[in-house]
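Here is what each chain is made of, one letter per residue.
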Amino acid sequence: TIAIRADIAINQTIYLFPNPVQDIAKIIFTPIANNTTYLKLVSSTGLVMINRKIATNTTGNTLYELDVSQLPKGVYNVEIVTGVGRVIGSKRLIKP
């Protein structure tokens, strides 16, 4: 039996660069149409450092610039999430 998680959209790719990043991380992703989109940045200990609603393109890819200059050094997980809590995708971010 294979369990499929209903909270994850399949085949969504997120690009994050540069990585490692000192100040501004650029994130490219394709949002789900007609849906509110949030960006979450979660620390390696599970603490949500950033949770913000972001404007997305209605078609094609969205480019979002995330300022991480004030965050402490560490490893973070960037998650793109719909308004109903469905994770579109995630990527690991390293702040040296």
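Bear in mind that the values here come from a model prediction, so they are computed numbers and not experimental data.

Here is what the cut-offs are and how they apply
- Counting of residues starts from 1 at the beginning of each chain's written sequence and follows it residue by residue.
- Local features in this predicted model are restricted to residues of pLDDT 70 or higher, and side-chain atom pairs are both shown and tallied only at a pLDDT of 80 or more, whereas totals for entire chains, interfaces and linings draw on every residue.
- Remark: hydrogens and water are excluded; side-chain values derive from all non-hydrogen atoms of the structure.
- Strands here are runs of E lasting at least two residues and helices are runs of H or I lasting at least four, both read from the DSSP assignment and numbered beginning at the N terminus.
- Throughout this description, buried means an accessible area under 20% of the type-specific maximum (1.4 Å probe, protein chains only), exposed means over 50%, and partly exposed covers the range between.
- Here, a strand pair is defined by DSSP locating no fewer than two bridges between the strands.
- Helix axes are fitted only over the stretch in contact, all axes being lines through C-alpha atoms; the angle between N-to-C directions runs from 0 to 180 degrees.
- Only residues whose relative accessible area exceeds 30% and that form no salt bridge are eligible for patches; like-charged ones are grouped when within 9 Å, while nonpolar side chains (Val, Leu, Ile, Met, Phe, Trp, Tyr) are grouped when within 5 Å.
- Working definition of accessibility: Shrake-Rupley area with a 1.4 Å probe, residue cover restricted to the visible protein chains.
- We define a salt bridge as a contact between a side-chain nitrogen of Lys or Arg and a carboxyl oxygen of Asp or Glu at a distance within 4 Å.

Asks: Help me out: how do you make sense of the side chain of T62 in this one?
Replies: Mapped onto the fold, T62 is located in strand β5 (residues 62-67). Judged by relative accessible area, T62 falls into the buried class, the value being 3%.

Asks: Sorry if this is basic, but what is going on with the sheet that holds strand β1 (residues 15-17) here?
Replies: Strand pairing in a sheet is mediated by backbone hydrogen bonds. Such pairs are either parallel or antiparallel. Taken together, 3 strands build an open sheet; the order of strands is β1-β2-β5 and the sheet is antiparallel. Strand pairing shows two members of the sheet lacking a second neighbour, β1 and β5, which therefore form its edges. The sheet shows a mean angle of 20° between the axes of neighbouring strands, direction not considered. Across 3 bridges, the pairing between β1 and strand β2 (residues 24-29) is antiparallel. Opposite Y15, over in β2, you have I28 as the bridge partner.

Asks: Teacher, can you tell me more about the sheet that holds strand β6 (residues 74-82) here?
Replies: If you walk across this open sheet you meet the 4 strands as β4-β3-β6-β7, and the pairing is antiparallel. One side of each edge strand has no neighbouring strand; the edge strands of this open sheet are β4 (48-54) and β7 (87-95). Put simply, the sheet's adjacent strands are angled 15° from each other on average, direction ignored. Sheet analysis places strand β3 (residues 37-43) next to β4, joined by 6 bridges and oriented antiparallel. Residue pairing across strands places K40 opposite N51, the latter belonging to β4.

Asks: Hey, could you run me through unusual backbone geometry in this one?
Replies: Trans is the common state for peptide bonds, and a negative phi is the common state for residues other than glycine. The linkage connecting F17 with the following residue, P18, adopts the cis geometry, with an omega of -15°. The residue P18 is located in the loop between β1 and β2 in this model.

Asks: Even after reading the chapter, I still don't get a nonpolar patch on the surface, so can you show me in this structure?
Replies: Where nonpolar side chains cluster on the molecular surface, the patch consists of Y15, F17 and L63 and spans about 320 Å² of accessible area. The topology assignment puts Y15 in strand β1.

Asks: I keep staring at the environment of R86 and nothing clicks. Help me out?
Replies: In this structure, R86 sits in the loop between β6 and β7. Taking the relative accessible area as the measure of exposure, R86 reaches 37% and is therefore partly exposed. Along the backbone, R86 and T37 are 49 residues apart, and their C-alpha atoms lie at a distance of 9.6 Å.

Just geometry here; none of it tells us what the structure is for.
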